[in-house]
Amino acid sequence: MHPVATSSNLSQNNASRFHSNPDILGEICEYLSPNDDLELEPEDSLIASRQNLAWLALTCRAFLEPALDRLWRSLDTLYPLFKILPAFVRTDGTHVLRGSITPEEWERFDWYARRVKKFCYTRDPDNLDIAMHVYFRIAQLRSTPLLSALRHLYCPDISQTDFLISGVCLFLSPSLQTLEFYKITSVEDKLTGTFLHTLWNDGAQLETVGFRGTGLSPGTLDLILNFRTLRQLELTGMGPAIELDWLKRLGEMPKLRDLALDFTNSRIESIEEDLGYRNLKSLMITASLAFTRSFIPHISTSGLEVIVAASSSDTQAERVAFIRDVIERWGTTLRDFSLVHINSESAEEIHMVTIAPLIPLKQLTGFRLEGYSIDLTDDNLRIFGSAWPNLTKLLLPYVAGSDRVRPTIESLKILAALCPDLKHLRLPLDTTELPPFIPPPTPYIPPLPVPEPPAMVIDDDAEGAPPPLQPLSIVRKRQPHGLQKLTIATSDDTWESKDQLHLARFIDYLFPRLQYVSPFEGHDLDRWTHIHDIVQAFQTVRRETLIHQRTQYGS
């Protein structure tokens with residue numbers, strides 16, 4: 001005889017299924033997690049996210065592991081881990097390591113340390129005075145990797161002062177997959193080489209390497225080629241160390257998909273030999289446009305999706321020819337196109353007719369034009385939006401002063417309507433004449449009934465048979481636009497206080513989920529910070545009103 005299912009039993013069964021489902025638990029924890037890129041996460045938001053995850057871990061056993069995994073997933077200091085060790089104490093305002101560490105204490109340390117997947121290695125904040133000998137002593141006491149499951153090591157400034165550079169070796173682990181060292185100088189060349197060689201010797205399967213700065217030697221670059229699992233490589237400022245033979249051997253890497261190379265001050269004048277790169281999907285070249293044009297014919301990939309050409313030297317004829325070459329070669333596969341002029345002393349003139357050949361590429365999801373002077377109208381933006389409805393990124397160049405033609409507030413309406421997936425927009429917006437904001441009325445549109453098909457049988461094969469009737473589409477409420485970042489690439493417009501309010505209201509109405517309003521490279525920073533604050537205030541009021549309505553009416 002089967003037991004009768006009671007509501008209590010059903011409730012217990014549902015709770016059991018919930019707590020035993022790792023996907024559900026993971027989604028909840030992920031929702032509460034901070035951004036893995038800690039530099040982008042506001043401090044108050046980071047503190048709140050970590051506190052919520054800590055509380056969640058203490059809620060019940062089911063949440064313990066997934067919440068702790070996300071709480072410890074990304075760190076930018078070893079201080080929280082050091083605090084686990086009883087020997088890590090503070091004396092006279094400075095943290096030091098005194099005494100021995102037992103196997104049980106290391107076991108507890110590792111129980112947390114194994115959860116760290118990304119580490120940002122930089123100097124400790126001023127309020128954390130940790131004696132340098134602590135790092136040396138930890139390295140001496142450990143015979144295994146400090147962070148045994150580390151996947152991503154990021155060092156934003158490896159040459160900064162008052163910083164233990166050699167401490168980066170604490171993070172050597174065969175689990176590493178991504179390595180990023182920025183602001184490198186020739187002083188760090190040998191250290192970088194030793195780091196790469198040790199990883200290779202320990203069996204690490206590096207997939208991503210990013211080096212920015214100057215001074216790496218050809219010998220250090222050679223060590224990158226040991227990692228046959230490499231998928232992404234960025235070398236910025238290393239032009240003098242790039243040699244043609246190395247470039248050809250890099251082209252043989254079987255899994256390389258994403259490549260960004262800076263040929264500034266390179267001894268290679270042009271490319272005249274086939275290089276390989278048959279599986280490349282994304283390519284960024286920093287060099288003269290003439291050099292980039294010589295590079296393109298000698299790579300064998302047939303499926304390039306992203307191309308970025310950054311140049312300090314180019315002419316109108318070279319730009320036209322470059323765009324033509326790219327379209328002829330990858331017109332059916334290209335998804336993201338960027339043309340950047342990096343000479344800060346002067347902006348090259350570019351015209352719509354130059355970029356017009358890109359208009360037929362309906363599949364574009366990203367377009368970036370930077371460092372050029374161009375006249376842009378609202379109609380030009382309508383052309384972009386109509387041609388590229390799937391855009392997620394549209395970055396247009398900075399235009400200063402009122403002597404250039406720039407898109408008006410109407411262009412924001414155009415792009416909001418034509419590009420529903422847009423996430424980042426940079427626009428040289430003309431704000432000299434702002435109309436007052438008048439919200440359009442929202443008419444009541446009742447749902448349309450779905451008609452019943454006629455009660456008759458139609459022979460679809462019969463000659464002259466009418467097409468089958470299709471049900472009318474139900475009118476649905478349009479989803480709010482998901483734009484996250486709006487960058488204003490203009491300056492020198494004069495405003496009144498009421499204009500700021502009108503502009504913020506326009507922006508908030510069109511893009512209610514906007515996270516950032518900011519100026520390009522800090523132009524008119526105070527003014528646009530004020531606009532950002534007003535937009536955030538509108539969002540806060542709207543959010544609080546919705547919460548109040550749901551609380552009051554239970555909807």
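It should be noted that the structure appears before, not after, this text.
Procedures and definitions
Residues numbered from 1 in each chain as written. Predicted model: local features only at pLDDT ≥ 70, side-chain atom pairs only at ≥ 80, totals over all residues. Heavy atoms only, no water. Helix = DSSP H or I, 4+ residues; strand = E, 2+ residues; numbered from the N terminus. Buried < 20%, exposed > 50% of the residue type's maximum accessible area, 1.4 Å probe, protein only. Contact = heavy atoms within 4.5 Å. Salt bridge = Lys/Arg side-chain N within 4 Å of Asp/Glu carboxyl O. Core = buried A, V, L, I, M, F, W, Y, C linked by side-chain atoms within 4.5 Å. Phe/Tyr/Trp six-rings, centres within 6.5 Å; stacked < 30°, edge-to-face > 60°.

Enquirer: Break down the overall build of the protein for me, with residues and values.
Expert: Assigned secondary structure in the protein consists of 17 helices and 21 strands. Buried positions account for 45% of the 555 residues belonging to the protein. Long-range contacts, defined as pairs at least 24 residues apart, comprise 76% of the intrachain contacts of the protein with a sequence gap of at least 6.

Enquirer: I'd love a proper account of the pattern of salt bridges, names of residues and values included.
Expert: Here the structure, examined in full by the defined rule, presents 26 salt bridges. One salt bridge connects Asp110 with Arg142, and the closest N-O pair in it is separated by 3.0 Å. With a gap of 32 residues between them, Asp110 in helix α6 (residues 103–113) and Arg142 in the loop between α7 (133–141) and β5 (152–155) connect regions that are remote in the sequence. For Asp222, the salt bridge identified is with Arg249, shortest N-O distance 2.9 Å. Of the two residues, Asp222 is situated in helix α9 (residues 218–224) and Arg249 in helix α10 (residues 244–250); the sequence distance between them amounts to 27 residues.

Enquirer: Describe the environment of Cys169, and please don't skip the residues or the numbers.
Expert: You can see Cys169 is positioned in the loop between β5 and β6 (178–184). Judged by its relative accessible area of 33%, Cys169 falls in the partly exposed class. Along the primary structure Cys169 and Thr194 are separated by 25 residues, whereas in three dimensions their C-alpha atoms are 9.3 Å apart. Every residue in contact with Cys169, bar those within four places of it in the chain, is listed here: Leu191 and Phe195.

Enquirer: Explain the nonpolar core to me, using residue names and the numbers behind them.
Expert: Leu81, Leu153, Phe211 and Leu247 are the most contacted members of the largest nonpolar core, which has 146 residues in total. Counting residues per element, this core draws most heavily on helix α16 (residues 497–510), at five residues. Setting aside its immediate chain neighbours within four residues, Leu247 contacts Ile242, Leu261, Phe263, Ile268, Ile271, Leu275, Tyr277 and Phe295.

Enquirer: Provide a residue-level description of the packing of aromatic side chains, including the pertinent values.
Expert: Counting across every chain of the model gives 21 aromatic pairs. Residues Phe181 and Phe195 carry aromatic rings whose centres are separated by 5.5 Å and whose planes lie at 70° to one another, so their mutual orientation is edge-to-face. In this pair, Phe181 is assigned in strand β6 and Phe195 in helix α8 (residues 189–201), connecting sequence segments 14 residues apart. Side by side, Phe181 and Phe195 carry an identical accessibility label, which is buried. A centroid spacing of 4.7 Å and a plane angle of 45° characterise the contact between Phe263 and Phe291, whose relative ring orientation is tilted. Highlighted residues: Phe263 in the loop between β9 (258–262) and β10 (282–286) and Phe291 in helix α11 (residues 289–295), separated in sequence by 28 residues.

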